Amino acid sequence: MKQDNILIIGAGAIGAFYGALLDKAGARVAVTCRSDYDVVKQHGFQIDSTPLGNWTFRPSKVLKKPADYHRAADYVILCTKITDQTDRVALLRDAVSPSTTIVFIQNGINIEQEIVDAFPDNKIVSGLAFICCNRIQPGVIKHLAYGKLTLGNLPSGISPETQHLVDLFSRSRIEAVAMDDIITGRWIKSVWNAPFNPLSVLSGGLATADILSTQEAFIRDIMQEVCHIAAACGHPLPADIIDINIENTRKMPPYKTSMLLDFEQGRPMETEAILGNIVRAAAKQNLASPNLKALYALMQLRQLSVSKSC
């Protein structure tokens, strides 16, 4: 059986964890690293997973940039944050061949068009990770809970390449599913991301359990706004989606969101992908979104304060 050649661009918490799973499944997995390059090159990644155990992931290659990858990749998986500082098309262009399937595991809605436009002849797969996972120090990844990965082709459908990738992930004891309408899947994930990511920052660093225990009604109002906007955009969500998200959050261990970790470390936050794009979608549909607009405005101010302090 042919071994899959996979390049992970952006081996932070998400990229390293899912790359480690693909390595367990038998793929040949290379990664690009920036700040962790020296540590990972020497020691690999230490994966500390509450549900799956502990192990060391040694990538087949540890690279500083995608252009250093000299194989024809079957899959290039982009796991960077979506910020103004990240040129996703440029990162991909140096690693994508005509036969490469491009996968991105990233947050937000309305984030796919620039990749679809830049690579019209490649299969493009959108990925959604439902996971509590943090990089706790260079080369060390802590997986606290969950891990479900949802993959689907753009604009819709499930190609053989996508199903094969789902099967690879499934071999490594993580839940992986293919979804025909992945755009609706992105809205489903936004129901959780839209309240909890910004509130973790605006609350001064509270974990998700503390936010939920004191502000459940407010969180439900934000989630309902997301559901109304999604429906107006042609993506009605399941009637019980809010209750499911609330109950899943209750079951989480104390967890710092990715946006909070970025804020604490003075990095750019995914405010536009997670909040701004939803607010703009609401405006396009002439829908009121007072809670989301307020969160967005406050997060813009918070990001400005970070920028000025750097």
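See above for the structure.
Everything numeric in this text was worked out from a predicted model, so none of it was measured.

**Section: the side chain of Thr 257**
- Take Thr 257: it is sitting in the loop between α8 (241-251) and α9 (258-264).
- There is a polar contact of 3.1 Å between the side chain of Thr 257 and the backbone nitrogen of Leu 260.

**With respect to the pairing of strand β2 (residues 28-32)**
- Burial of β2 is extensive: four of the five residues sit out of reach of the surface.
- Two strands pair when backbone bridges link them, and strand β1 (residues 5-9) and β2 are joined in this way by five bridges, in the parallel orientation. Its bridge partner being in β2, Ile 9 is matched across the sheet by Thr 32.
- A crossover connection joins β1 to the parallel β2 through helix α1 (residues 13-24); in handedness this β-α-β unit is right-handed.
- In terms of strand pairing, β2 meets strand β5 (residues 61-63) through three bridges, oriented parallel. The residue of β5 that forms the bridge with Thr 32 is Leu 63.

**A closer look at helix α11 (residues 290-309)**
- Between its first and last C-alpha atoms α11 spans 29 Å; for 20 residues at 1.5 Å apiece the expected length is 28 Å, and the two agree.
- The set of residues buried in α11 consists of Leu 292, Leu 295, Tyr 296, Met 299, Gln 303 and Val 306. Down the axis of α11, the sector holding all buried residues measures 100°, keeping them to one side. Among the exposed residues of α11, those pointing more than 90 degrees away from its buried face are Pro 290, Lys 293, Leu 301, Lys 308 and Ser 309.
- Those residues of α11 that are buried are in contact with α6 (182-202), α7 (208-232), α9 and α10 (271-284).

**Some details on α7**
- Taking 1.5 Å per residue, 25 residues should reach 36 Å; α7 reaches only 28 Å between its end C-alpha atoms and comes up short.
- Of all the bends found along α7, the most pronounced is centred on Gln 215 and spans about 95°.
- Those residues of α7 not exposed but buried are Thr 208, Ile 211, Leu 212, Ile 219, Ile 222, Met 223, Glu 225, Val 226, Cys 227, Ile 229 and Ala 230.
- Buried residues belonging to α7 abut α6, α8, α10 and α11.
- Where α7 terminates, the next one or two residues include Gly 234, which has phi positive at roughly 90°.

What counts, and at which threshold
- Residues numbered from 1 in each chain as written.
- Predicted model: local features only at pLDDT ≥ 70, side-chain atom pairs only at ≥ 80, totals over all residues.
- Heavy atoms only, no water.
- Helix = DSSP H or I, 4+ residues; strand = E, 2+ residues; numbered from the N terminus.
- Polar contact = N/O pair within 3.5 Å; in protein donor to acceptor, adjacent residues only side chain to side chain.
- Buried < 20%, exposed > 50% of the residue type's maximum accessible area, 1.4 Å probe, protein only.
- Pairing = 2+ DSSP bridges.
- Right-handed = clockwise from strand over helix to strand, strands pointing away.
- Expected span 1.5 Å × (residues − 1).
- Arc of directions from axis to C-beta.
- Contact = heavy atoms within 4.5 Å.
- Bend = angle between axes of the 7 residues up to and from the residue.

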